[in-house]
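# Structure at a glance
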Amino acid sequence: MSTETETENASQIDSLKERWRPRIERFRRGWDRFTQEKMGVLGIVIMVVFIFWALFPDVFAPHSMEWRAYLGTEPGRLTAEQADSLPHPPAFGDPFFAPLGTNYLGQGILTLVVHAADDALYIGFAAGLLSSLVGVPLGLISGFYGNTWIDETIQRVVDVMYGLPFLPFLIVLVAIRGITTTNIILGIAVTSWLNNCIVIRGETLSLKERSYVESAKVAGASDTRIVFRHIMPNVLPLAFVFLAQDAAAAILAQASLAYLGLADFTANSWGLMLQNIKSNGYVFDAWWWLIPPGVCIMLIAAAFYFVGFSMEDVTNPQEES
Amino acid sequence: MTRISARYLGKRLVVSYLTLLVIMSLLFVLIRSMPGSFIGSMITPELDQSDIKRLRETWGLNEPMWRQYIDFMINYQTGQFGRSPTYKEPVWDIIIRRFPRTLVLFGSAFIVQFIVGPLVGMYLGWWRGTRKDKSIFTSSLAVYSMPAFWLAWLFIWLFNYELGWLPSTYMFTKFANFEWTTLSIIVDVLKHIALPLFSIAFVSWVGAMLVMRPAMNNVTGEDYVFLAQAKGLSERTVMIKHAARNALIPVATQAIVGLAFLLDGSVIVENVFSWPGLGQVIVSSVLSRDYPVSQAAFFMLAVLIIVMRLVTDIAYTYLDPRIKFGGDS
């Protein structure tokens, strides 16, 4: 009895291996081609650094989030001189260690920057994924039923959404739902699936004319089967490219909202750090506070773009001329 | 000469108009679903219930929703935008004063974007895969990833705060004591527009480049490019005259995407530079729940986008002789 199930299991695993081998092979070949693109590798490296920051902030940050400058030396109370020196420029050694200086509260900039990585990654991945989840299926449906009323309806919805300026529209959405990180992500997803949808639609329109789709149709495959088994696998690489771009756009949108004062003030994010500089009037006085959050936003958004565009090269190789 | 039939144009106009109507309805619903209302800021402890009721009546908030909706739809199409409760003046005055200023900033950024972007894209697409292409492409993506307002701050810091070359706020010098001749006004505006324009254009040209680069790369394989090369025309002539012209078509298609991106950029940048345009008004009126003004500002931006879409569609026909709209092709 037991041997029977074992062999059954073994054969199941074997058949599973059989089925997955070509996919793994394809993935490996894709990966090899991807790693030839220096830009994509750079993007991955940046992303890995930020992921490490997000996972183990205590290892990378010099202090904990509760740390304040001077509090170690003079518990609870600052002298007037010390309070005046905040935000403090970068200092090494005594009386405290702040490699990137401090903000007006005496929090270490490096500490804040490292601890905000998780927020940026969360917003990027969540918003990118959500807008793909809306845009890709709609694009598939719209393309597959090209030039019917279904396509027409979806395209008119896209038209209407294009007519609304993205950022002000996002402000209204966030104002309606309340300013939380989740609502900001939802708002970004609602407003940013358009490009996704249009490009996937175009790709689907050309794919559905291919002979293998025709033959599947003749073989009697249902519409859903054709869309999900035959067309979707071919648009997925493109969808990933757009996921990466949406993620980058989402991070930038969140920073813009924060600039306008529409950020979750209980969270800690790079956009919020920039908003704090502005609201406390240190924009031109504390370069050590102004530069790092902006550079981090730029790096993470660029990393997403790098990976996305390298993937485009991998999935859609242009002939070298 | 004209390749656009009246029938096609008519159809496009009707569709654009219907789109605008839907956008207006959406605006009405969305803006009214924001919690709170502008009445809140007018209510003071001295007012009793009847005063508040009168206030609501004055601003038409006591009417049923469908009635307000119909009024809104009719009034907007006849150009009656009503009065603003927070600005204390007709909405039309606010909009008409600020719209041209947004158009100046935004339009010049649009022009810069669509000169620089396609040019760089043309160059990179032609030399795709070379080291030059890769390094320029990577660095422009990095530029594309900068938060617009942060970049604007860096510019203000450098050019205004440190070097003192350019002003960083408003469109004109306030309380200026120089002669208000046409020339001095133009110079003054140019000085004031430099930093905001530079901040927007520095980032947004990359959007146009991103479309131009693959388009250019696609046309390099076309027969007519080989033919032109075989004729012994110089590399530059082939690149600009033969390849780029055709690669511009998808750029025109995608211009609308760049347009939306540019508008976002200018909303933020207007706020940074206190540029007295619509972008600034739209943010503050949404935050203060000033329905009449925010609706009108959204409406104007939507009209701008829809008109630009129509224009880009028509621009195709002049770029690509193969495209023929509405004719019997």
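Calculation rules
- Per chain, residues are indexed from 1 in the order of the written sequence.
- All chains are assigned letters beginning with A, and all ligands numbers beginning with 1, in the order in which they are written.
- Selection of residues for local features in this predicted model requires a pLDDT of at least 70, selection of side-chain atom pairs for listing and counting requires 80 or more, and totals for whole chains, interfaces and linings are taken over all residues.
- Heavy atoms throughout the structure, all of them, feed into the side-chain values; hydrogens and water do not.
- The secondary structure listing takes helices from DSSP runs of H or I that are at least 4 residues long and strands from runs of E that are at least 2 residues long, numbered from the N terminus.
- For every residue, the accessible area obtained with a 1.4 Å probe (protein chains only) is divided by the maximum for its type, and the residue is called buried under 20%, exposed over 50%, and partly exposed between those limits.
- Contacts were defined at the residue level, with two residues in contact if any of their heavy atoms lie within 4.5 Å.
- Exposure was quantified through the Shrake-Rupley algorithm and a 1.4 Å probe, taking into account, for residues, occlusion by the shown protein chains and nothing else.
- In this analysis an axis means a line fitted to C-alpha atoms, helices contributing only their contacting stretch, and an angle means the value between N-to-C directions, from 0 to 180 degrees.
- Oblique is the label for any angle not under 35 degrees, not over 145, and not in the 65 to 115 range, which are roughly parallel, roughly antiparallel and roughly perpendicular in turn.
- Throughout this entry, Asp, Glu, Lys and Arg are counted as charged residues, while Ala, Val, Leu, Ile, Met, Phe, Trp, Tyr, Cys and Pro are counted as nonpolar. The remaining residues, Gly among them, count as polar.
- Each polar contact in these results corresponds to two N or O atoms within 3.5 Å; when the atoms are within protein, one needs to be able to donate a hydrogen and the other to accept it, and residues that are neighboring in sequence are counted only if both atoms are side-chain atoms.
- Salt bridge, as applied in this entry: a Lys or Arg side-chain nitrogen positioned within 4 Å of an Asp or Glu carboxyl oxygen.
- Buried area is calculated as the accessible area (1.4 Å probe) missing from two parts once they are joined, with the contributions of both summed.
- Any two of the Phe, Tyr and Trp rings considered here, Trp counted by its six-membered ring, make a pair once their centres fall within 6.5 Å; the pair's planes then place it as stacked at under 30 degrees, edge-to-face at over 60, or tilted in between.
- Two limits define a charge over a ring: the Lys NZ or Arg CZ must be within 6 Å of the ring centre, and within 35 degrees of the ring normal.
- For the purposes of this section, nonpolar cores are sets of buried Ala, Val, Leu, Ile, Met, Phe, Trp, Tyr and Cys residues that join through side-chain atoms within 4.5 Å.
- A residue's pLDDT is simply how confident the predictor is in it, with values from 0 to 100.
- UniProt positions are given in the numbering used here, feature names are shortened, and annotations may be inferred rather than shown by experiment.

### Describing the overall build of chain A
A count of helices and strands for chain A gives 14 helices and zero strands. Listing each helix as α and each strand as β along chain A from the N terminus yields α-α-α-α-α-α-α-α-α-α-α-α-α-α. Split into buried and exposed, the 321 residues of chain A put 49% on the buried side. Within chain A, contacts between residues at least 6 apart in sequence are counted, and of these 71% link residues at least 24 apart.

### Here we look at the overall build of chain B
From N to C terminus, chain B includes twelve helices and zero strands. Along chain B, from the amino end to the carboxyl end, the secondary structure elements read α-α-α-α-α-α-α-α-α-α-α-α. Counting every position in chain B, which comprises 329 residues, the buried fraction comes to 49%. Split by element, the accessible area of chain B, about 16,000 Å² in all, is 65% carbon and sulfur.

### Observations concerning the packing of helix α8 (residues 166-177) of chain A against helix α11 (residues 278-287) of chain B
It is the contact of α8 of chain A with α11 of chain B, at a shortest axis distance of 10 Å, that shows an interaxial angle of 5°. Accordingly, the angle class assigned to the pair α8 of chain A and α11 of chain B is roughly parallel. Contact with α8 of chain A, carried on its side by P168, I171 and V172 of chain A, involves I282, V283, V286 and L287 of chain B of α11 of chain B and no other residues of that element. Across the contact of α8 of chain A with α11 of chain B, the residue classes break down as seven nonpolar, no polar and no charged.

### What to know about unusual backbone geometry
Residue and element names in this part refer to chain B. A positive phi angle, close to 50°, is found at S274, a residue other than glycine. Turning to its location among the elements, S274 is positioned in the loop between α10 (235-272) and α11. Judged by relative accessible area, which is 21%, S274 ranks as partly exposed. With phi around 60°, R289 is a residue other than glycine that occupies positive phi space. The exposure class of R289 is buried, given its relative accessible area of 16%.

### A look at the side chain of T191 of chain A
Residue and element names in this part refer to chain A. Counting through the fold element by element, T191 comes out in helix α9 (residues 181-192). Here the side chain of T191 touches G187 through a polar contact of 2.8 Å, landing on its backbone oxygen. Excluding residues that lie within four positions of it along the chain, T191 makes contacts with M161, F166, F169, L170 and L173.

### Considering the pattern of salt bridges
All names here are of chain B. What the rule picks out here adds up to eight salt bridges over all chains. Measuring nitrogen to oxygen at the nearest pair gives 3.5 Å for the salt bridge that ties R67 to D71. Here R67 pairs with D71, and both are found in helix α4 (residues 65-77), just four residues apart, close to one helical turn. Since its relative accessible area comes to 36%, R67 is described here as partly exposed. For R97, the salt bridge identified is with E89, shortest N-O distance 3.3 Å. Of the residues examined, R97 reaches a relative accessible area of 36% and is grouped as partly exposed.

### Points about the interface of chain B and chain A
With 48 residues of chain B at the interface, the matching set in chain A holds 45 residues. Where chain B abuts chain A, roughly 4,500 Å² becomes buried across the two surfaces, and 76% of that area is made up of carbon and sulfur atoms. When the area that chain B buries against chain A is broken down by residue, the three leading residues are W150, W153 and W157 of chain B, summing to 14%. Counting the contacts that link chain B with chain A gives zero salt bridges. Going through the elements one at a time, α1 (6-32), α6 (131-144), α7 (148-162), α8 (182-219), α10, α11 and α12 (291-319) of chain B are the ones with two or more residues in the side of chain B that touches chain A. A per-class count over the side of chain B that touches chain A returns 35 nonpolar, eight polar and five charged.

### Description of the packing of aromatic side chains
Counted by the stated rule, this structure contains 26 aromatic pairs over all chains. Judged by centre distance (5.2 Å) and plane angle (40°), the ring pair of Y305 of chain A and Y144 of chain B falls under tilted. Of this pair, Y305 of chain A sits in helix α14 (residues 287-315) while Y144 of chain B is found in helix α6, placing the two residues in two different chains. Accessibility assignment for this pair places Y305 of chain A and Y144 of chain B in one class, buried. Judged by centre distance (4.5 Å) and plane angle (50°), the ring pair of F72 of chain B and Y76 of chain B falls under tilted. Taken together, the residues span about one helical turn, with F72 of chain B and Y76 of chain B both in helix α4 at a distance of four residues. Overall, F72 of chain B belongs to the buried group, its relative accessible area being 6%. An aromatic cluster is present here, built from F28, Y69, F72, Y76, F81, W92 and F299 of chain B joined pairwise through their rings. Above the face of the W127 of chain B ring, K132 of chain B is positioned so that its terminal group lies 5.2 Å from the ring centre.

### Examining the nonpolar core
The biggest cluster of nonpolar side chains holds 148 residues, and the ones touching the most others in it are F50 and W270 of chain A together with F149, W153, V272 and F298 of chain B. Considering each element in turn, this core owes the most residues, 16 residues, to α14 of chain A. With sequence-adjacent residues up to four places away left out, W153 of chain B is seen in contact with Y259, L274, K278, V283, F284 and L290 of chain A together with V272 of chain B. Residues M122, V211, A243 and V251 of chain B belong to the second largest nonpolar core, which totals 15 residues.

### Examining the confidence of the model for chain B
Residue and element names in this part refer to chain B. In this model, chain B carries an average pLDDT of 80, and 88% of its residues clear a pLDDT of 70 or more. Averaged over each element, pLDDT in chain B is lowest for helix α2 (residues 39-42) (66) and highest for α6 (90). Overall fold confidence (pTM) sits at 0.84, and the ipTM for the predicted complex is 0.82.

### Points about the UniProt feature "transmembrane region" (unreviewed entry) in chain B
Under the present numbering, the feature "transmembrane region" (unreviewed entry) in UniProt falls on residues 12-31, 103-124, 136-159, 193-212, 247-269 and 296-319 of chain B. Spanning residues 193-212 of chain B, this segment combines 100% helix with 0% strand, and its end C-alpha atoms are found 27 Å apart.

### As for the side chain of S199 of chain B
Residue and element names in this part refer to chain B. Turning to its location among the elements, S199 is positioned in helix α8. When its relative accessible area of 1% is taken as the criterion, S199 is described as buried. Within the local environment of S199, its side chain forms a polar contact with the backbone oxygen of L195, the two atoms lying 2.7 Å apart.

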